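Here are the chains, one letter per residue:
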Amino acid sequence: MNGINANGWFAPVPIGRIQIIRIITGVFSLWYLTTRFKMMNALSATNPALYKPAGVMQFFASPPPPMLITVLLVTTVILNILFIAGWKHRWIGPAFAVVLLFVFCYRNSWSMVYHSYNLMVIHIFILGFAPAGGVSSLKAMKKEHWQYGWPVKLMCLATVLVYFLSAVAKLKGELAWGWLNGIAMRSQIAVDALRKNMFGVETSALFEATYEHTWMYTIMGATSLLLELLAPAILFLNRRVAAGWVLLVWLMHWGIFVLMGITFHHHLTGILYLSFLAPERWWFFVAEKLNRIKISLRAVTSGALASTKSYQQQ
Amino acid sequence: MIQTKTAAIIFSILVGLAVLLPVKENWKTKPADDFPLSYYPMFSAKRDVQYTVNYLVGYDSLNNRHLIPYKLIGRGGFNQVRRQLNRNVNRKKYKSVTRRVAKRIARSRQSPFSALKEVHLVKGTYNIDEYFIGDKNPAEEEILFVQPVKR
């Protein structure tokens, strides 16, 4: 067996993997925080009657004062930058993981629980408490140790469990196996599009164009349910099968984007799936190519210099 | 930071169980969603052939109808604003919601909202098939409240 969980939970992996995942995930959360800063800060002006605390915000029975939210947001952005840098990760990692959790729970405490950033928060929580700090040189990045493998596997586990939970909710819901019916899936998209239209949000023209082609929705509904239901098996299957699953799930989210206009940025960028891949290999590949180019350029430059010198001597 | 295998095992089990635990909501009569530990109920509800939605429409002096975008209704994302509107409608706070939106519209300089004279809070019922095949009119529309836009 050479699956993601091959050689046990503590199989050594290069430190570069967890560092690259930390940096990319950190940059993504920083992008989210900075682009939504104003909106999240303004949430404190919402009618307090609409406050329904989610997750750790249940410690606050009523909305926290606006000043506290501003301080929380600024602190989170600063810690996020330090998290990306990998500086004093022993302290910064857990601190960032916890404040980010508060920020996202606050974001979801105003009458609507979103499902698009749960895994980002969970992944950062894992990375924050794992030995994922520092930035290593290319040579040091290849150093393998058991400490760097389990957090990445835990991220994979959390991801497949979330997909599995989505499948269970569909099967235990009113639709149950009717989800396999194209009409059921299409009606979900239709309701979403209708709501968006009523609130001035642009919807996909492709959906209206394909509305009467139910067979398309049957294929999409059945495929997505199978991908979600079988997700946990990915941990035990061949790495190539896992990569295939990642590709199909990623395409599924692009399909959702094209048909419903729902932008799950964390999924669409592929950052959510980094733990299933070996991103350090891409970095090694690029770095080696760059190194070769550098060596050839040096050879060309020194050759040119030598011929100039011999020409001058003549 | 976790540095021993024992701590890593405990942490892994706790995280795995925490992610999996919300599955129990599926067996409850009144399931409750949460963040970040959710049971992911999106797309699991059965949809009827008709769908009822609360929204706001504005009318200009020529009686042209314009749907009010969510950014003029409340703070947050589209779904958040929609849920907030539903909560207010369920609590029958028609007047306060419509007045607040009318005030925002009065401050708006963006066309066509800057020319609106009246805002209606409505409950519309649509035949889904008909709507997506071409007929965009509601099968039924109940006006819950009317508020003039005062500038």
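The structure presented is a predicted model; accordingly, all values stated were derived computationally and were not measured. (Residues numbered from 1 in each chain as written. Chains lettered and ligands numbered in written order. Predicted model: local features only at pLDDT ≥ 70, side-chain atom pairs only at ≥ 80, totals over all residues.)

Enquirer: What's the story with the overall build of chain A in this structure? I'm lost.
Expert: Looking only at helices and strands, one finds twelve helices and two strands in chain A. When its helices and strands are written in sequence order, chain A yields β-α-α-α-α-α-β-α-α-α-α-α-α-α. If one aligns the C-alpha atoms of chain A with their principal axes, the spans along those axes are about 85 × 50 × 45 Å. For chain A, buried positions account for 41% of its 314 residues. (Helix = DSSP H or I, 4+ residues; strand = E, 2+ residues; numbered from the N terminus. Buried ≥ 20, exposed ≤ 12 C-beta atoms within 10 Å, placed from the backbone.)

Enquirer: I keep staring at unusual backbone geometry and nothing clicks. Help me out?
Expert: When glycine is set aside, most residues are seen to have a negative phi, and most peptide bonds are trans. Note the cis peptide between B:F35 and B:P36, where omega equals -5°. Looking at where B:P36 falls in the secondary structure, it is placed in the loop between α1 (5-20) and β1 (50-60). One non-glycine residue, A:K88, lies in the positive phi region at around 40°. Mapped onto the secondary structure, A:K88 falls in the loop between α2 (66-85) and α3 (89-107). Here B:K92, not a glycine, exhibits a phi torsion of approximately 60°, which is positive. Here B:K92 is to be found in the loop between α2 (78-90) and α3 (94-107). Judged by local crowding, B:K92 falls into the exposed class, with 9 C-beta atoms found within 10 Å.

Enquirer: Honestly, the interface of chain A and chain B in this entry has me stumped. Any pointers?
Expert: In this complex, chain A contributes 57 residues to the contact, which on the side of chain B involves 50 residues. Those elements giving two or more residues to the side of chain A that touches chain B turn out to be α1 (15-42), α3, α4 (118-129), α6 (150-172) and α7 (182-198) of chain A. It is α6(A) that contributes the most residues to the side of chain A that touches chain B, twelve residues altogether. Its residues placed into classes, the side of chain A that touches chain B shows 36 nonpolar, 14 polar and seven charged. (Contact = placed C-beta atoms within 7 Å. Nonpolar A, V, L, I, M, F, W, Y, C, P; charged D, E, K, R; others polar.)

Enquirer: Got a minute to help me understand the packing of α6(A) against helix α9 (residues 214-229) of chain A in this structure?
Expert: Between two packed helices, what matters for the description is the angle formed by their axes and the separation of those axes. Residues and elements named next belong to chain A. Two numbers describe how α6 lies on α9: the axes approach to 7 Å, and their chain directions differ by 125°. What the angle tells us is that α6 and α9 run oblique. Every pair of crossing elements has a handedness; the one defined by α6 and α9 is left-handed. Of the residues in α9, those touching α6 at Y163, F164, S166, A167 and K170 are L225, E228 and L229. Each residue belonging to the contact of α6 with α9 can be placed in one class, and the counts come to five nonpolar, one polar and two charged. (Axes fitted to C-alpha atoms, helices over the stretch in contact; angles between N-to-C directions. Parallel < 35°, antiparallel > 145°, perpendicular 65-115°, else oblique. Left-handed = near helix turned anticlockwise from the far one by under 90°.)

Enquirer: Before we go on, may I ask you to explain the sheet that holds strand β2 (residues 65-67) of chain B in this structure?
Expert: Sheets are built from strands that pair by backbone hydrogen bonding, the pairs being arranged parallel or antiparallel. All names here are of chain B. In spatial order, the strands read β2-β1-β3-β4; together these four strands make up an open sheet with antiparallel pairing. Every interior strand has two partners, whereas the edge strands, β2 and β4 (140-148), have only one. Each strand of the sheet is rotated relative to its neighbour by a mean of 30°, with strand direction disregarded. Pairing analysis gives eight bridges linking strand β3 (residues 116-127) to β4, with the strands arranged antiparallel. Among the inter-strand pairings, H120 is bridged to a residue of β4, identified as V146. Most of the contacts of α3 go to β3, to which it runs at about 125°, and overall it touches β1, β3 and β4. (Pairing = 2+ DSSP bridges.)

Enquirer: Looking at this model, I keep getting lost on α1(B). Mind explaining?
Expert: Given 3.6 residues per turn, any residue in an α-helix points the same way as the ones three and four places further on. In this model α1(B) runs 22 Å from its N-terminal to its C-terminal C-alpha over 16 residues, within 8% of the 22 Å that 1.5 Å per residue would give. Residues of α1(B) that are buried: B:A8, B:V15 and B:V19. End-on view of α1(B): buried residues confined to an arc of 40°, all on one side of the axis. For α1(B), the exposed residues set more than 90 degrees away from the buried face come down to B:T6, B:I10, B:I13, B:L14 and B:L17. Those residues of α1(B) that are buried are in contact with α4 and α6 of chain A. (Expected span 1.5 Å × (residues − 1). Arc of directions from axis to C-beta.)

Enquirer: Is there a simple way to think about the packing of α1(A) against helix α12 (residues 279-313) of chain A in this case?
Expert: Residues and elements named next belong to chain A. Put simply, α1 and α12 touch, their axes get as near as 8 Å, and they point 95° apart. On the basis of the axis angle, α1 is roughly perpendicular to α12. Mapping the contact onto sequence places G16, R17, I20 and I21 in α1 and P279, E280 and W283 in α12. Class assignment of the residues belonging to the contact of α1 with α12 gives a composition of four nonpolar, one polar and two charged.

Enquirer: Can you walk me through the nonpolar core in this structure?
Expert: Proteins that are soluble and globular tend to have nonpolar side chains buried together. Grouped together as the largest cluster of nonpolar side chains are 77 residues, with contacts concentrated most on A:V121, A:I126 and A:A158. Sorting elements by how many residues they give to this core places α6(A) first, with 15 residues. Discounting chain neighbours no more than four positions away, the residues touching A:A158 are A:L119, A:I122, A:H123, B:V15 and B:V19. Ranked by size, the runner-up nonpolar core spans 34 residues in total, among them A:A184, A:M198, A:L259 and B:F132. (Core = buried A, V, L, I, M, F, W, Y, C linked by C-beta atoms within 7 Å.)

Enquirer: When you look at α1(A) in this model, what are you seeing that I'm missing?
Expert: Spanning 28 residues, α1(A) covers 40 Å between terminal C-alpha atoms, matching the ideal 40 Å at 1.5 Å per step. Considering bend angle alone, the principal kink of α1(A) is centred on A:R36 and spans about 60°. (Bend = angle between axes of the 7 residues up to and from the residue.)

Enquirer: Looking at this structure, how should I read the environment of A:I271?
Expert: Residues and elements named next belong to chain A. In this fold, I271 is placed in the loop between α11 (265-268) and α12. For I271, a count of 20 C-beta atoms within 10 Å translates into the label buried. Put simply, I271 and F125 are 146 residues apart on the chain and 15 Å apart in space, counted from C-alpha to C-alpha. Sequence-distant contacts of I271, defined by excluding residues within four places in its chain, comprise I24, T25, F28 and H266.

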